Amino acid sequence: MLQFTDDYLTGIPEIDKEHKQLFAMLEQTNKEVLQGADIRTTGMRLLNDLKDYAATHFAHEEAYMESIDDPELPRQRKAHKAFIDRMENTNFIGMPDDTMRQAVIDLLDYMSRWLMHHILGSDTLIGKTQSPFAFTDKYKTGIELVDSEHRKLFDIMGRVNALIHNENLYDRFDEIVELINELKDYTQFHFTDEERLMEEYHYSGLAAQKKAHQGFIDELDKIDLDSVDENQEAYLEDLLEYLLNWLSGHILGMDKKIRDER
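Being a predicted model, the structure only gives us computed values, none of them experimental.

(A) Representation of the packing of helix α1 (residues 13-34) against helix α4 (residues 97-121). Interaxial distance between α1 and α4 falls to 11 Å at its minimum, and their mutual angle equals 155°. In terms of their interaxial angle, α1 and α4 are classed as roughly antiparallel. With respect to the hand of their crossing, α1 and α4 are arranged in left-handed fashion. Contacts from H19, L22, F23, L26, T29, N30 and V33 in α1 reach R101, V104, I105, L108, M111, L115 and I119 in α4. By residue class, the composition of the contact of α1 with α4 is 10 nonpolar, 3 polar and 1 charged.

(B) Spotlight on unusual backbone geometry. The phi dihedral of H202 is positive, around 55°, even though this residue is not glycine. Counting through the fold element by element, H202 comes out in the loop between α6 (173-201) and α7 (206-221). Residue classification places H202 among the exposed residues on the basis of a relative accessible area of 68%.

(C) Region of interest: the environment of E261. Its location among the elements puts E261 in the segment after α8 (232-253). In this structure the C-alpha to C-alpha distance between E261 and H202, which are 59 residues apart in sequence, comes to 7.8 Å. Every residue in contact with E261, bar those within four places of it in the chain, is listed here: Y201, H202, Y203 and S204.

(D) Layout of the layout of surface pockets. Considering only enclosed or pocket space, the largest pocket measures out at about 440 Å³ in volume. Along its surface, the largest pocket is lined by 22 residues, and D69, S131, G158, N161 and A162 are the ones closest to its centre. Among the elements that line the lining of the largest pocket, the one with the most residues is helix α5 (residues 144-164), at 8 residues.

(E) How the structure looks around the packing of α6 against α8. The contact between α6 and α8 brings their axes to 13 Å, and the two run at 15°. Relative to α8, α6 is oriented roughly parallel. Viewed along their axes, α6 and α8 form a crossing whose handedness is left-handed. For the pair α6 and α8, contact is made by F173, I176, I180, L183, F191 and E194 and by Q232, L236, L239, L243, W246 and H250, respectively.

(F) Fine view of the nonpolar core. Counting residues in each nonpolar core, the largest one holds 31 residues, and the members touching the most others are M157, I176 and L243. At the level of elements, α5, α6, α7 and α8 are the ones that each hand at least two residues to this core. Per-element tally for this core: the top contributor is α8, with 8 residues. Judged by nonpolar contacts, the second largest core, of 26 residues, contains Y8, L22, L46 and F83.

(G) Seen up close, the side chain of T124. Within the secondary structure layout, T124 lies in the loop between α4 and α5. Beyond its immediate chain neighbours, meaning those up to four positions away, T124 contacts D7, Y8, L9, T10 and I119.

(H) Layout of empty space enclosed by the protein. The tally for this structure, following the rule as stated, stands at 3 cavities of 30 Å³ or more. L153, M157, L183, T187, F191, F216, L243 and L247 are the residues that line the largest cavity. For the lining of the largest cavity, the secondary structure elements donating two or more residues are α5, α6 and α8. Counted by class, the lining of the largest cavity contains 7 nonpolar, 1 polar and no charged residues. By volume, the second largest cavity amounts to about 40 Å³. Together, E72, R75, Q76, S122 and L125 line the second largest cavity. The residue makeup of the lining of the second largest cavity, split by class, is 1 nonpolar, 2 polar and 2 charged.

Procedures and definitions
- Residues numbered from 1 in each chain as written.
- Predicted model: local features only at pLDDT ≥ 70, side-chain atom pairs only at ≥ 80, totals over all residues.
- Heavy atoms only, no water.
- Axes fitted to C-alpha atoms, helices over the stretch in contact; angles between N-to-C directions.
- Helix = DSSP H or I, 4+ residues; strand = E, 2+ residues; numbered from the N terminus.
- Parallel < 35°, antiparallel > 145°, perpendicular 65-115°, else oblique.
- Left-handed = near helix turned anticlockwise from the far one by under 90°.
- Contact = heavy atoms within 4.5 Å.
- Nonpolar A, V, L, I, M, F, W, Y, C, P; charged D, E, K, R; others polar.
- Buried < 20%, exposed > 50% of the residue type's maximum accessible area, 1.4 Å probe, protein only.
- 1 Å grid on protein atoms, 1.4 Å probe; cavity = no way out; pocket = protein on both sides within 12 Å on 5 of 7 lines; lining within 4 Å.
- Points joined across faces, edges and corners; volume = space filled by probe spheres on them.
- Core = buried A, V, L, I, M, F, W, Y, C linked by side-chain atoms within 4.5 Å.

Right, here's the structure in full:
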């Protein structure tokens, strides 16, 4: 039977505590099966405990990942859903004792394999991978107004990304449209502020900046989400990738030069 060792530690106290509880639950169930305890009582308790565990632990894990904007959250949600579906489709009712005993053993074996792969392959990476939508120090220009507005742009795109990868895109499509419109409005607001600032600095690259800004605005104006009938998720993912690449490249390649002429 799988044992909880330091290899399974994520470094996140709440998650590690709940993982240890799950290992203990499985170990106790395995012990009862080996000792010949009533398999119906043991099996039903295991299944109910696993369903309860999934409902609480996965919610805690996903909430934590959301709070740190972990880019692996969509993949984790899919894995969690697959686990929940497996539990919901497992039914011991009406099984003869011998059949149920083997079903419980099979479930314990599944849990051992699932836990090993999921914790080592996914959970131990929580917080280790930085979101591409995080506004990090490398993007800072040293101009407070510009940096705060850039941070806001990254934040809006991050919220769009979170909605896209939520479980039901269609239920949240109107919210995504609102955020895209917010991005359009805030981008124009930011470019106006940035250009005004460059004029105050008598920045030599102002003309090139204005041209780049207008090109980006023109691309944003082409977005028509209402006309996207199929593959909405793929379209939105491609759109976000373009927006992120443009913004990060523009900041690093052009905006950082503004501070040199203050």
